[in-house]
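Descriptive structure summary
Spelled out, the chains give:
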Amino acid sequence: MLRWFPVIARRGQALAFGLTALLCGAIQTLGAEPPPHPPPEQKSDQPQGVGSREIWFGVDASARNWLVYSGGTHAPWDDIHGDGWRLRSTAGYGRYSYNFDASTRVNVEKSVADVLVGYQVRLGSLTAKGFVGGALLNTAFEVPSKSLRLGEQKFGFKTALELWLNLGPDAWTSLDLSYADTRALASARSRLGYRVLPTVSIGVEGVFNHTNLEGQIQMSQTTTTHGNARLGGFARYEWFGGEISASGGLAGDVVEARATGDLDLLHRPEVYGTLNLILQF
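Quick notes on the rules
Residues numbered from 1 in each chain as written. Predicted model: local features only at pLDDT ≥ 70, side-chain atom pairs only at ≥ 80, totals over all residues. Heavy atoms only, no water. Patch = residues over 30% accessible without salt bridge, like charges linked within 9 Å, V, L, I, M, F, W, Y side chains within 5 Å. Areas by Shrake-Rupley, 256 points an atom, 1.4 Å probe, with all protein chains shown as cover. Salt bridge = Lys/Arg side-chain N within 4 Å of Asp/Glu carboxyl O. Helix = DSSP H or I, 4+ residues; strand = E, 2+ residues; numbered from the N terminus. Buried < 20%, exposed > 50% of the residue type's maximum accessible area, 1.4 Å probe, protein only.

1. Overview of a nonpolar patch on the surface
A surface patch of nonpolar side chains, about 570 Å² in accessible area, is lined by Val59, Trp66, Val68, Tyr237, Trp239, Ile244 and Leu275. When contributions to the nonpolar patch are tallied by element, the ones reaching two or more residues are β2 (65–74) and β10 (223–239). Inspection of the secondary structure assignment puts Trp239 in strand β10.

In structure tokens form, the structure reads like this:
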């Protein structure tokens, strides 16, 4: 079973919510499992003056799930690449399915939205961004064979940390972490990239998404599912004012056998693919 999207948050101020919602009309997804919404990556040596707003759109799909997402960040008093405060809003929608047992299939539909306030600082080759705010999670579970449909809505605290480090002129690495107490949603994504051209990077990525589903119908009778893991590669093209990236590889559940405690890091592996566009203005 696949689940996505890191999300976390305590209620922010009404003013921050209003500004962010207006400036970042988002549709980010957390249906099938996600990563995230994959957060935008920042190149710390990019020139100033590109603008104070950033928006992104993306799609993510594999054999058992799909999601679409969007979001935006606004720097009210700074350039989007400079130090200073940030307002961010994201939203998304997705679906996934899995087999509870040999005869029971479960379809899951998720939507998520969050509003965050944060700060960005550049320390030489390192760019760091931290956010806190609130997240809303809607989940619906359907078991067609039993004519059963369950749903829940949760609001909670969310926090996120995004790090970008230039490793000389040709290489870079990034780490994105997030946590939300709506079902203990947590996510981590790490990338290592190499610039084959000044505007083109290729590299490898690893992703882990976790959610607390104890007591839910998502728990099988013989295993405990801790989340979803990915291992793949990516290609990224950037220009002054934006970037487009695509990634792909293998994704699977992180499953623990209840009887033995054995851990399968890529249970029922399948191919995944993502496409993400970022625009700055």
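2. Section: unusual backbone geometry
Even without a glycine there, the phi angle at Ser147 is positive, about 50 degrees. When you line up the elements, Ser147 lands in the loop between β5 (126–143) and β6 (148–166). What makes Ser147 exposed here is its relative accessible area of 71%.

3. Considerations on the pattern of salt bridges
Inspection of the entire model under this criterion finds 13 salt bridges. A salt bridge links Glu109 to Arg95, with the shortest nitrogen-to-oxygen separation between them at 3.4 Å. With Glu109 in strand β4 (residues 104–123) and Arg95 in strand β3 (residues 84–101), this residue pair connects regions lying 14 residues apart in the sequence. Classification of Glu109 by relative accessible area gives partly exposed; the value is 24%. Residue Arg95 is classed as partly exposed on the basis of its relative accessible area, which comes to 40%. A salt bridge links Glu243 to Arg236; the nearest nitrogen and oxygen atoms lie 2.7 Å apart. One network of salt bridges, in which partners are shared, links Arg95, Glu109, Glu142 and Arg149.

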